[in-house]
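Geometric and topological summary
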Amino acid sequence: MQTLEGQCQCGAVRYRVHGEVLTVFACHCRECQRQSASAFGMALWLRAAQLTLLQGAVQRWQRHTPSGRVMDCDFCPQCGTRLFHRSSGNGDVLSIKPGTLDDAPAWRPVAHIWTASAQAGWQPPDGVLCYPGNPPAWEPLLQAWRAYAACGQP
Ligand SMILES: [Zn+2]
Ligand SMILES: [Zn+2]
């Protein structure tokens, strides 16, 4: 179990989250590109996460995915920074945007997904899993994270 703290860009929302980190990955799908307004989005998954808002409140937008799931997307109403995702098809997993963590530079994605729509010029780093679309199973991403974390990282 880990305790992580972070905040939105303007600082109106600060949070603490406690849980088991399952994996960290980058997603190059068009949704993540639009959401991040950048080349790719990142996700840090925690199981059974206990989320505490230390200050401020989030606003929720819901997205319906092509696979029929509903994704809760929480963001700061003041600056618009996306902070948390929960998907109706993903059990008790809370996905947070690791770029909002206080120690953001420490978090390394162990996989890149939807690389088929990666922005021009992007090259996969050495030693990461790559998938052209959604991975057929998530277990390899969880395994890769366990192996990485076992080496004393992050
Ligand atoms: Zn904000
Ligand atoms: Zn995506």
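Everything that follows concerns the structure shown earlier in this document.
A short tour of the structure in this document, coming up. (Residues numbered from 1 in each chain as written. Chains lettered and ligands numbered in written order. Predicted model: local features only at pLDDT ≥ 70, side-chain atom pairs only at ≥ 80, totals over all residues. Heavy atoms only, no water.)

**A few points about the pairing of strand β5 (residues 70–75)**
Rules: Per-residue accessibility, obtained with a 1.4 Å probe over protein chains only, is compared with the maximum for each type, and a residue is labelled buried under 20%, exposed over 50%, and partly exposed between these values. Secondary structure elements are defined from DSSP: runs of H or I of at least 4 residues count as helices, runs of E of at least 2 residues count as strands, and each element is numbered from the N terminus. Strands pair, by our definition, only if DSSP identifies at least two bridges between them.
Judged by how many residues are buried, β5 sits mostly within the fold: five of six residues are covered. Bridge analysis of strand β4 (residues 59–64) against β5 gives six bridges, and the strand direction is antiparallel. Across the sheet, residue Gln59 finds its bridge partner in β5, namely Phe75. Following β4, the chain reverses through five residues before pairing antiparallel with β5; Gly68 in that reversal takes a positive phi of roughly 90°. As judged from the five bridges shared by β5 and strand β6 (residues 82–87), these two strands associate in the antiparallel manner. Each bridged residue has a counterpart across the sheet, and for Phe75 the counterpart in β6 is Arg82.

**Some words on the layout of surface pockets**
Our working rule: Buriedness for pockets is judged along seven lines, at least five of which must meet protein on both sides within 12 Å for an open set on the 1 Å grid over protein atoms alone, while cavities are sets there where a 1.4 Å probe fits but cannot get out, and lining residues have an atom within 4 Å of a point. Grid points are joined across faces, edges and corners, and a volume is the space filled by probe spheres set on the points.
Quantified by volume, the largest pocket comes out at close to 830 Å³. Around the largest pocket sit 34 residues that line it, and Arg63, Thr65, Met71, Asn134 and Trp138 are the ones nearest its centre. Elements represented by at least two residues in the lining of the largest pocket include exactly β2 (14–27), α1 (30–36), β3 (41–55), β4, β5, β6 and β7 (93–96).

**Description of the coordination of the zinc ion (ligand 2)**
Worth spelling out the cut-off: Metal-coordinating donors are taken as N, O and S atoms lying within 2.8 Å of the metal, or within 3.2 Å when the metal is Na, K or Ca; because water is left out, some sites can appear incomplete.
Every protein donor of the zinc ion (ligand 2) is accounted for by Cys27 (SG), Cys29 (SG) and Cys32 (SG), and the metal-donor separations fall at 2.1 to 2.3 Å. For the zinc ion (ligand 2), the donor residues sit on a single chain with the sequence spacing C-x1-C-x2-C. The same class applies to Cys29 as to Cys32, namely buried.

**With respect to the state of the cysteines**
What we call a disulfide is simply a covalent bond connecting the sulfur atoms of a pair of cysteines. Filter applied, for reference: For the purposes of this analysis, a disulfide is any pair of cysteine sulfur atoms at a distance within 2.5 Å.
Under the definition given, this model contains zero disulfides. The structure places no disulfide on Cys73, whose sulfur is separated from the nearest cysteine sulfur, that of Cys32, by 9.7 Å.

**Quick word on the nonpolar core**
Keep this limit in mind: The set of buried Ala, Val, Leu, Ile, Met, Phe, Trp, Tyr and Cys residues whose side-chain atoms join them within 4.5 Å is what this entry labels a nonpolar core. Residue contacts are defined here by distance: any two heavy atoms, one from each residue, within 4.5 Å place the two residues in contact.
Core analysis: the largest hydrophobic core is formed by 20 residues, its most contacted members being Leu4, Val17, Leu44, Leu46, Ile96 and Trp107. At the level of secondary structure, the elements contributing two or more residues to this core comprise β2, β3, β6, β7 and α2 (139–150). It is β2 that contributes the most residues to this core, four residues altogether. Residues contacting Leu4, with those up to four places away along its chain left out, are Tyr15, Arg16, Val17, Val21, Leu44, Leu46, Ile96, Leu101 and Trp107. Grouped together as the second largest cluster of nonpolar side chains are 13 residues, Cys29, Trp45, Ala111 and Leu141 included.

**So, unusual backbone geometry**
The backbone of Ala37 shows a phi angle near 55°, a positive value even though the residue is not glycine. For Ala37, the position within the fold is in the loop between α1 and β3. Classification of Ala37 as exposed rests on a relative accessible area of 70%. At Trp114, a position not held by glycine, the phi torsion is positive, near 60°. With respect to the secondary-structure elements, Trp114 resides in the loop between β8 (111–113) and β9 (129–130). Since its relative accessible area comes to 33%, Trp114 is described here as partly exposed.

Fair warning: the whole summary comes from geometry, so function is off the table for now.
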